[in-house]
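Below, each chain spelled out in residue letters.
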Amino acid sequence: MNVEMTKDVVRMTVTPGNPPQPSSPTARPPRVAVGPSPAMRAGSVLQAIREGASVTSAVHPSVHAHPAAVDIRGFELWYGSFKALHSVSMPIPRGRVTAMVGPSGCGKSTLLRSINRMNDLVDGVRTTGALHVGEHDVYAGGVDVISIRRRVGMVFQKSNPFPMSIFDNVVYGLRIYGERRKDVLQECCERALRQAALWDEVKDRLKQSAIGLSGGQQQRLCIARSIAVNPEVLLMDEPCSALDPIATQKIEELIREIAEKLTVVIVTHNMQQAARVSNYTAFMYLGRLVEFGSTADIFQNPQLPETEQYVTGRFG
Amino acid sequence: MNSPGSIPTATLRSPARLMSALMLGLTGVASFLIVAVLLTVLGYLLFRGFGGLSIDFFTRLPTGNPQDPGGFANGILGTLILVGMAALVGVPFGVLAGIYLSEYGGRGLGAWLVSPVRLVCDVLAGVPSIVIGIVGYELIVVPMKGASAYAGAAALAVIMVPIVARTTEEMLRLVPASFREGSLALGATKSQTILRVVLPAAGGSVITGILLAVARIAGETAPILFTIGGSRLLPGDLDKEFPSLTLQIYNAARSPAPSEQQLAWTGMVVLIAILLVLNLAIRLATARAIKNRVGG
Ligand SMILES: Nc1ncnc2c1ncn2[C@@H]1O[C@H](COP(=O)(O)OP(=O)(O)O)[C@@H](O)[C@H]1O
Ligand SMILES: [Mg+2]
């Protein structure tokens, strides 16, 4: 897979159209907009990354417009001896949707799972650097992992409702935290299901098994289960990759809605999806954060030609 | 691909077809023979034992008098009590060990214990039950100065624990990792995840393992031969000699009196019937477990 990627990028770097041509009338408006930006200097940031260089991420000033809900600073992660994340620094704006894009294996899931410390489940994981959720240092010694995960919900690529009733699924987190009062559970269940745009479809069968729901409904149930406990941040790892277009559309609408109340970080392979749902987009490559800025800038006015090539689907 | 006229291809394939026919024939004959043998055994058992089935068999005690041998009421009750006692100890230990093997296997404190525990379970499961009976005699009956229900139940529990532990482990391993991840990501602890998600998800299949172990020990004779001592009375004190169906079958079958032998045959029919019921329960539990897993 790496070889293929390398080939692609090599082709890319020798493409004659690659050097900046500010006045080119071809169908590449972003290129025009970038102009002779300083980041254009080499045009081979990815090449440098492949050679193992540590590069400075092109982080747009606009990401600082909002306070960071998740502040990642110089974060590195190893799986055993394999270094999967190279000094990632990324302030994820509060109350906004941030998309992470990049070729398979570039570390998007790894970075996402670092935020709620799900990487703890993997043997031999080691990290350095700092990662804060709000004012909480996620990797401080003696930090309570459980309390971090209560602040940071997660929705997985493959929907994973528990084999229990719809109701029991939604209130699972609340029960774990010790809530026993039936009226409270019922109220939270309804609110979460409404937020997840699932209430009308399931309100008459809350006692039935969640396994009987369709794939899209199951994924929305998982979203309801996560937001039922009022997390500050919701992590979503390719939440639509197993869904049909209609179910995908519903989830995307949902993401835009819930983002009014919390911070969403979503990994996606689908550039249109990133463009549709996110306010900010991060482009990653081989464990590095390459460029991070507002979604409009990343898609229409990126600092790096590599970013532009990736988001327009010309490599990766 | 094969047009009707392509004789060469057909000829080329005929050894394969012959092989296929042979295979079908052999597997068919083997299956038929097995069924025939089983039916013969069961049929003969019914033929010899069915006639002795009567209310007396279930309500009376053995008299020891060939003229009026009585029934096996005490043995049936004794076996049920022994199996219950063994399960009372064996099921929690077995299930807990199975959870340990499956859920705490990878890492953390005590992870080094996993391989030895698994090995001991496998070895223990393979130890002939007569060995467990005699060791139980030496280690429990001799120090306690007498056979007892406790000694018999302990021997049966030793047989039960590795079966329950290993099947529990296997069944928990079949629970998708995504369930555990989902629960942990919600801030659940490992023990909450195991108790609220993993075990319920495996529920039916863990019960299958338990029932399998119960069926296995209900039919055991060797481990109790030396440990419970046997009794002609209804089950009473657990620290005294205790009756069991299998032991009474064993003893009655060795009696020269035809009336006692009849009791043994009938006892066997009853024992097989009990195991059959357990087997049906196992199938039900398994079917339910499979149904639960669909789509999970
Ligand atoms: N549990 C793991 N153990 C070892 N290496 C892993 C593990 N998970 C991921 N990796 C490696 O880390 C890199 C990043 O993986 P991942 O974060 O899953 O990428 P992405 O989500 O962008 O496709 C890949 O090279 C992958 O092979
Ligand atoms: Mg991934």
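Residues numbered from 1 in each chain as written. Chains lettered and ligands numbered in written order. Predicted model: local features only at pLDDT ≥ 70, side-chain atom pairs only at ≥ 80, totals over all residues. Heavy atoms only, no water.

Engineer: What's the story with the site of ligand 1 in this structure? I'm lost.
Structural biologist: Residue and element names in this part refer to chain A. Taken together, Tyr79, Phe82, Ala84, Ser104, Gly105, Cys106, Gly107, Lys108, Ser109, Thr110 and Val122 make up all the residues around ligand 1. Take Thr110: an N or O atom from its side chain is 2.4 Å from an oxygen atom of ligand 1. Starting from 560 Å² of accessible surface for ligand 1 in isolation, the protein chains cover 62%. Mapped onto the shell around ligand 1, the elements with two or more residues apiece are β3 (82–93) and α4 (108–115). Sorting elements by how many residues they give to the shell around ligand 1 places α4 first, with three residues. Looking at the shell around ligand 1, its residues break down into five nonpolar, five polar and one charged. (Near = heavy atom within 4 Å. Polar contact = N/O pair within 3.5 Å; in protein donor to acceptor, adjacent residues only side chain to side chain. Areas by Shrake-Rupley, 256 points an atom, 1.4 Å probe, with all protein chains shown as cover. Helix = DSSP H or I, 4+ residues; strand = E, 2+ residues; numbered from the N terminus. Nonpolar A, V, L, I, M, F, W, Y, C, P; charged D, E, K, R; others polar.)

Engineer: What is the right way to look at a nonpolar patch on the surface in this model?
Structural biologist: Residues and elements named next belong to chain B. Where nonpolar side chains cluster on the molecular surface, the patch consists of Ile130, Val131, Ile134, Val135, Tyr137, Leu139, Val142 and Phe226 and spans about 650 Å² of accessible area. Checked against the element boundaries, Val135 lands in helix α5 (residues 129–141). Classification of Val135 as partly exposed rests on a relative accessible area of 41%. (Patch = residues over 30% accessible without salt bridge, like charges linked within 9 Å, V, L, I, M, F, W, Y side chains within 5 Å. Salt bridge = Lys/Arg side-chain N within 4 Å of Asp/Glu carboxyl O. Buried < 20%, exposed > 50% of the residue type's maximum accessible area, 1.4 Å probe, protein only.)

Engineer: Quick question: what am I supposed to make of helix α11 (residues 245–258) of chain A here?
Structural biologist: What sets the pattern is the α-helix's 3.6 residues per turn: residues three or four places apart point alike. Residues and elements named next belong to chain A. Taking 1.5 Å of rise per residue, 14 residues should cover 20 Å, and α11 covers 20 Å from first to last C-alpha, within 8% of that figure. All buried positions along α11 are accounted for by Ala247, Thr248, Ile251, Glu252, Leu254, Ile255 and Ile258. Looking straight down α11, one finds its buried side chains confined to an arc of 160°; they lie on one side. Turned more than 90 degrees from where α11 packs its buried face, Pro245 and Ile246 sit exposed. Packing partners of the buried residues in α11 comprise β4 (97–101), α8 (182–195), α10 (215–227), β8 (233–237), β9 (263–267) and α12 (271–277). (Expected span 1.5 Å × (residues − 1). Arc of directions from axis to C-beta. Contact = heavy atoms within 4.5 Å.)

Engineer: Which parts of the structure should I look at to understand the interface of chain A and chain B?
Structural biologist: Many structure descriptions define interface size as the accessible area lost when the parts assemble. At the interface, 27 residues of chain A touch 21 residues of chain B. Contact between chain A and chain B buries roughly 2,000 Å² in total, counting both sides, with carbon and sulfur atoms accounting for 59%. Linking chain A with chain B are one salt bridge, by the criterion used here. The partner of Arg113 of chain A in a salt bridge is Glu181 of chain B, and the shortest N-O contact between them spans 2.7 Å. Between chain A and chain B we count five residue pairs in polar contact (both at pLDDT 80 or more) in total. (Buried area = accessible area lost by both parts, 1.4 Å probe.)

None of this, on its own, says anything about what the molecule does.
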